[in-house]
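Breakdown of the fold
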Amino acid sequence: MKALVKRKPEQGIWMEEVPVPQVGPNEVLIKIEKTAICGTDLHIYKWDEWSQRTIVPGLTIGHEFVGRIVEIGPGVTGYKIGDRVSAEGHIVCGHCRNCRAGRQHLCPNTVGIGVNRNGAFAEYMTMPASNLWPIPDQIPSELAAFFDPYGNAAHCALEFDLIGEDVLITGAGPIGIIAAGIAKHVGARNVVVTDVNDYRLKLAADMGATRVVNVTNQSLKDTVKDLHIEGFDVGLEMSGNPRAFNDMLDCMYHGGKIAMLGIMPRGAGIDWDKVIFKGLTLQGIYGRRMYETWYKMTQMVLTGFPLQKVLTHQIAIDDFQKGFDLMDAGNCGKVVCSWN
Ligand code: NAD
Ligand code: ZN
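Residues numbered from 1 in each chain as written. Chains lettered and ligands numbered in written order. Predicted model: local features only at pLDDT ≥ 70, side-chain atom pairs only at ≥ 80, totals over all residues. Heavy atoms only, no water.

Considering the coordination of the zinc ion (ligand 2)
What counts is decided by this rule: Note that water is not among the atoms considered, so a metal site may appear incomplete; the donors listed are N, O and S atoms within 2.8 Å of the metal, with 3.2 Å applied to Na, K and Ca. Elements are defined by DSSP. Helices are runs of H or I of four residues or more, strands are runs of E of two residues or more, and each kind is numbered from the N terminus. Each residue is placed in one exposure class: buried if its accessible area under a 1.4 Å probe, protein chains only, is under 20% of its type's maximum, exposed if it is over 50%, and partly exposed if it falls in between.
Coordination of the zinc ion (ligand 2) by the protein involves Cys93 (SG), Cys96 (SG), Cys99 (SG) and Cys107 (SG), with metal-donor separations of 2.2 to 2.4 Å. Mapping the donors of the zinc ion (ligand 2) onto the primary sequence gives the spacing C-x2-C-x2-C-x7-C. Taken together, the residues span a long stretch of sequence, with Cys96 in the loop between strand E7 (90-91) and helix H3 (97-100) and Cys107 in the loop between H3 and strand E8 (111-112) at a distance of eleven residues. Cys96 gets classed as buried once you look at its relative accessible area, which sits at 11%.

Below, the structure is given as structure tokens:
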């Protein structure tokens, strides 16, 4: 079968012929229909510092996908051949304290598909049946393909109560754009989104953000004044940029709460005075809650949440290079590749 493989320890990704994986007990074999490109895939493509210490060359990348079950391994119940599924890409151990307490998103033994084991940029992939998420017929495959980052956005945005609150989102990447939509969907008052990219800020505005701020030529503090508020009640950090996070700390209201999803560079400094004297709460967010986040995001789409607004490009898998170039340039929302 064809698969996108990180073959060499240098920039690039290579389409190769690899064996179809064998299904083991409690697993299914999935024929992939669509795979979306994640920022993580771009990091691996570019072979940055994180990839160099995380990825073993020879890996098939990709973790945002939808496909159909074509083979069922021993012990699997509740699924049949032909079922359309996506899946939680974090495979947890099932026996640690957190797993057994129903907090699988906090399992310290998590293995990620497309990072620690072969992933979804392939014609076929195996998955533990317990990780599958069936996709209702009403949800098109091009949206189901990126439930994984939609889940990051949902997990982060739903961490704190947003009803009536003034919300700041730093970073209008695909995840920040979706989070802006969710914040409005659940009843936030003002939803302000910052970025340095006007293309992405426009997507955030289309998604329902009440204000967008390009921090290269506008001041967030002016926006706060303009809105006649004293600061933000809830912050969603979705840029991974220390400058954005410091802007957020500056503009939080006393007693505010921050959910942090963006991955900061190692050793990034912050002004701790802001955290302490404003009495802020900081909550780290990793992955998606299993499977409450998946349930909520499915129901939101089924009841009209406009997830399609963040989908800007659909391409054939053979044009994968174009997709990675688009992601690198940043003038895109989600980029979804089709295998058929
Ligand atoms: P992305 O890189 O597409 O988006 C980040 C955005 O931040 C970009 O649009 C960029 O222009 C913007 N930005 C850069 N500097 C800024 C500044 N000073 N102020 C405001 N915005 C600025 O990433 P994404 O795919 O949307 O993911 C968002 C973040 O979440 C990334 O850091 C990603 O690594 C991280 N992430 C975390 C998890 C998790 O489980 N914690 C999961 C997925 C992604
Ligand atoms: Zn565990």
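Thoughts on the packing of aromatic side chains
What counts here: Pairs were defined over the aromatic rings of Phe, Tyr and Trp, the Trp ring being its six-membered one, requiring ring centres within 6.5 Å. Orientation was assigned from the angle between planes: stacked under 30 degrees, edge-to-face over 60, tilted for the rest.
Tallied over the full model, the rule gives seven aromatic pairs. Ring centres of Tyr150 and Phe305 lie 5.8 Å apart, and the angle between their planes is 10 degrees; this geometry places the pair in the stacked category. Of this pair, Tyr150 sits in helix H5 (residues 147-157) while Phe305 sits in the loop between helix H11 (292-302) and strand E17 (311-316), and the two are 155 residues apart along the sequence. With relative accessibility at 3%, the residue Phe305 sits in the buried group. Feature note: the residues Trp133, Phe147, Tyr150, Tyr291, Trp294 and Phe305 constitute an aromatic cluster, connected by ring pairs.

Some points on the nonpolar core
The cut-off we apply is this: By nonpolar core we mean a set of buried residues, namely Ala, Val, Leu, Ile, Met, Phe, Trp, Tyr and Cys, connected to one another through side-chain atoms within 4.5 Å. Only heavy atoms enter the contact rule, under which two residues are in contact if any of them lie within 4.5 Å.
The biggest cluster of nonpolar side chains holds 49 residues, and the ones touching the most others in it are Tyr150, Leu236 and Leu307. Counting only elements with at least two residues in this core, the list comes to helix H4 (141-144), H5, strand E11 (167-170), helix H6 (174-185), strand E12 (191-195), helix H7 (198-206), strand E14 (232-237) and H11. Beyond its immediate chain neighbours, meaning those up to four positions away, Leu307 contacts Leu143, Phe146, Phe147, Tyr150, Ile178, Met207 and Val301. With 37 residues, the next largest nonpolar core counts Tyr45, Ala87, Phe324 and Cys332 among its residues.

Structural notes on unusual backbone geometry
The linkage connecting Met290 with the following residue, Tyr291, adopts the cis geometry, with an omega of 0 degrees. If you trace the backbone, Tyr291 turns up in the loop between strand E16 (281-284) and H11. You will see that Asn26, though not glycine, has its phi angle at about 65 degrees, which is positive. Residue placement: Asn26 occurs in the loop between strand E2 (14-17) and strand E3 (27-36).

Focus: the site of ligand 1
The condition that has to hold: When we say a residue is near a molecule or strand, we mean one of its heavy atoms is within 4 Å of it. Counting of polar contacts relies on pairs of N or O atoms within 3.5 Å, with two restrictions inside protein: one atom must be capable of donating a hydrogen and the other of accepting it, and residues adjacent in sequence are counted only when both atoms are side-chain atoms. Note that accessible areas follow from Shrake-Rupley with a 1.4 Å probe, and for residues the cover is restricted to the protein chains shown. Residue type decides the class: Asp, Glu, Lys and Arg count as charged, Ala, Val, Leu, Ile, Met, Phe, Trp, Tyr, Cys and Pro as nonpolar, and the leftover types, Gly among them, as polar.
Surveying the vicinity of ligand 1 reveals 22 residues, the closest of which are Asp195, Arg200, Leu261, Ile285 and Gly287. The separation between an oxygen atom of ligand 1 and a polar side-chain atom of Arg200 is 2.9 Å. At a separation of 3.2 Å, an oxygen atom of ligand 1 approaches a polar backbone atom of Ile263. Across the complex, the protein chains shield 82% of the 860 Å² of accessible surface that ligand 1 would expose by itself. Of all the secondary structure elements, the ones that give two or more residues to the shell around ligand 1 are H6 and E12. Considered class by class, the residues forming the shell around ligand 1 number eleven nonpolar, nine polar and two charged.

What about the sheet that holds strand E1 (residues 2-6)?
Spelled out, the test is: The pairing criterion is simple: DSSP has to find at least two bridges between the two strands.
With respect to topology, three strands assemble into an open sheet ordered E2-E1-E4, the strand pairing being antiparallel. Of all the strands in the sheet, just E2 and strand E4 (59-60) have a single pairing partner and so form its edges.

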